[in-house]
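# Overview (structure and organization)
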Amino acid sequence: RLLSGGRVWWSAATAFLLLFPGCQSGLDLGQNQLLTLALVVWGWALAVRGRDTAGGVVWGLLAFKPVWAMAFFLAPLLMRRWRFCVAMCLTGAALAAATLPVVGVQGWRDWLANGKEADALYRVNTNWVRCSRDLSGVTRRVTIDFTKPQDERNHPTADAIACAAWAAVVGGTAGVYMSRGDRRQ
């Protein structure tokens, strides 16, 4: 209700979220999408109330989902909510630093190496590409020849088209906000 300026009742928003495809399976499987949603909603609710630092701290807790944290970071960055951005970065960095005594630096290096290996597989594997719901997955469905062996599927054209699609969406969003957005709010 607060985020929509009173245009959507909280009960209607709650019903929408609970009926949204994937919500039930996330609850059944114990996945973290509802935690992510709660962090995003509460962080922004704090920002709407003028508490940018507290909102940034809440969004900084998204450090457990760094891709989402980077994606959401664009909103306060474009809106020039500097305290929100600084609080988000410091919270994420503090959480990462808090893991060092437990996993060490090598644990993070291994995690990054595994992430790169998984990314390479996600770019060409038939199942992952067809099941992906992101923009690069959509472009890869069109550009990849799945009749080739998996090791030969990735090519620079697929990467370039995926990057161009992302650039168009991010650039278009930033352009619309910069030209039409109300930066006083």
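Residues numbered from 1 in each chain as written. Predicted model: local features only at pLDDT ≥ 70, side-chain atom pairs only at ≥ 80, totals over all residues. Heavy atoms only, no water.

### Some details on the nonpolar core
Put simply, the rule is: Throughout, nonpolar core names a set of buried Ala, Val, Leu, Ile, Met, Phe, Trp, Tyr and Cys residues whose side chains join them through atoms within 4.5 Å. Each residue is assigned to one of three classes by its accessible area relative to the maximum for its type, calculated with a 1.4 Å probe on protein chains only: buried under 20%, partly exposed between the two thresholds, exposed over 50%. Strands are runs of DSSP state E lasting at least 2 residues, helices are runs of H or I lasting at least 4, and numbering of each runs from the N terminus. Whether two residues are in contact is decided by their heavy atoms: any pair within 4.5 Å suffices.
One finds Leu39, Val40, Trp44, Leu46, Ala47, Val58, Trp59, Leu62, Ala69, Phe84 and Met88 forming the largest nonpolar core, which totals 11 residues. Listing elements by their share of this core, those giving two or more residues are helix H3 (33-48), helix H4 (52-60) and helix H6 (82-124). Setting aside anything within four residues of it in sequence, one finds Val40 in contact with Trp59, Leu62 and Phe72.

### Things to note about helix H9 (residues 156-180)
Condition: The span expected for a helix works out to 1.5 Å for each residue beyond the first.
The terminal C-alpha atoms of H9, which comprises 25 residues, lie 35 Å apart, in line with the 36 Å expected from a rise of 1.5 Å per residue. Among all positions of H9, only Ala158, Ala162, Ala165, Ala174 and Tyr177 are buried. In this structure, the buried residues of H9 make contact with helix H5 (66-78) and helix H8 (135-143).

### With respect to the packing of aromatic side chains
To keep it simple, the criterion reads: The criterion for an aromatic pair is that two Phe, Tyr or Trp rings (for Trp, the six-membered ring) have centres within 6.5 Å, with stacked assigned to planes under 30 degrees apart, edge-to-face to planes over 60 apart and tilted to the rest.
Per the stated rule, a full pass over the model turns up 7 aromatic pairs. With a centroid separation of 5.5 Å and an interplanar angle of 25°, the aromatic rings of Trp44 and Trp59 are classed as stacked. Of this pair, Trp44 sits in helix H3 while Trp59 sits in helix H4; the two residues are 15 residues apart in sequence, bridging distant segments of the chain. Its relative accessible area of 3% is what places Trp59 among the buried residues. Geometrically, the ring pair formed by Tyr122 and Trp128 is tilted, given 4.5 Å between the ring centres and 50° between the ring planes.

### A closer look at the pattern of salt bridges
To be explicit about the condition: Here, a salt bridge means any side-chain nitrogen of Lys or Arg that lies within 4 Å of a carboxyl oxygen of Asp or Glu.
Using the criterion set out here, one finds 4 salt bridges in the structure. For Asp52, the salt bridge identified is with Arg81, shortest N-O distance 2.5 Å. With Asp52 in helix H4 and Arg81 in the loop between H5 and H6, the pair connects residues that are 29 residues apart, well separated along the chain. Both residues of the pair, Asp52 and Arg81, belong to the buried class. Between Arg123 and Asp159 there is a salt bridge, and its shortest N-O distance comes to 2.8 Å. Here the residue Arg123 occupies a position in helix H6, and Asp159 occupies one in helix H9, the gap between them amounting to 36 residues. Within the structure, one salt-bridge network assembled from shared partners comprises Asp119, Arg123, Arg140 and Asp159.

### So, the confidence of the model for the protein chain
Inclusion rule: Residue-level confidence of the predictor is what pLDDT reports, using numbers from 0 through 100.
Here the protein chain averages 85 in pLDDT, and 96% of its residues register 70 or above. By mean pLDDT, the top-scoring element of the protein chain is H4 (95), and the lowest-scoring one is helix H2 (residues 23-29) (75).

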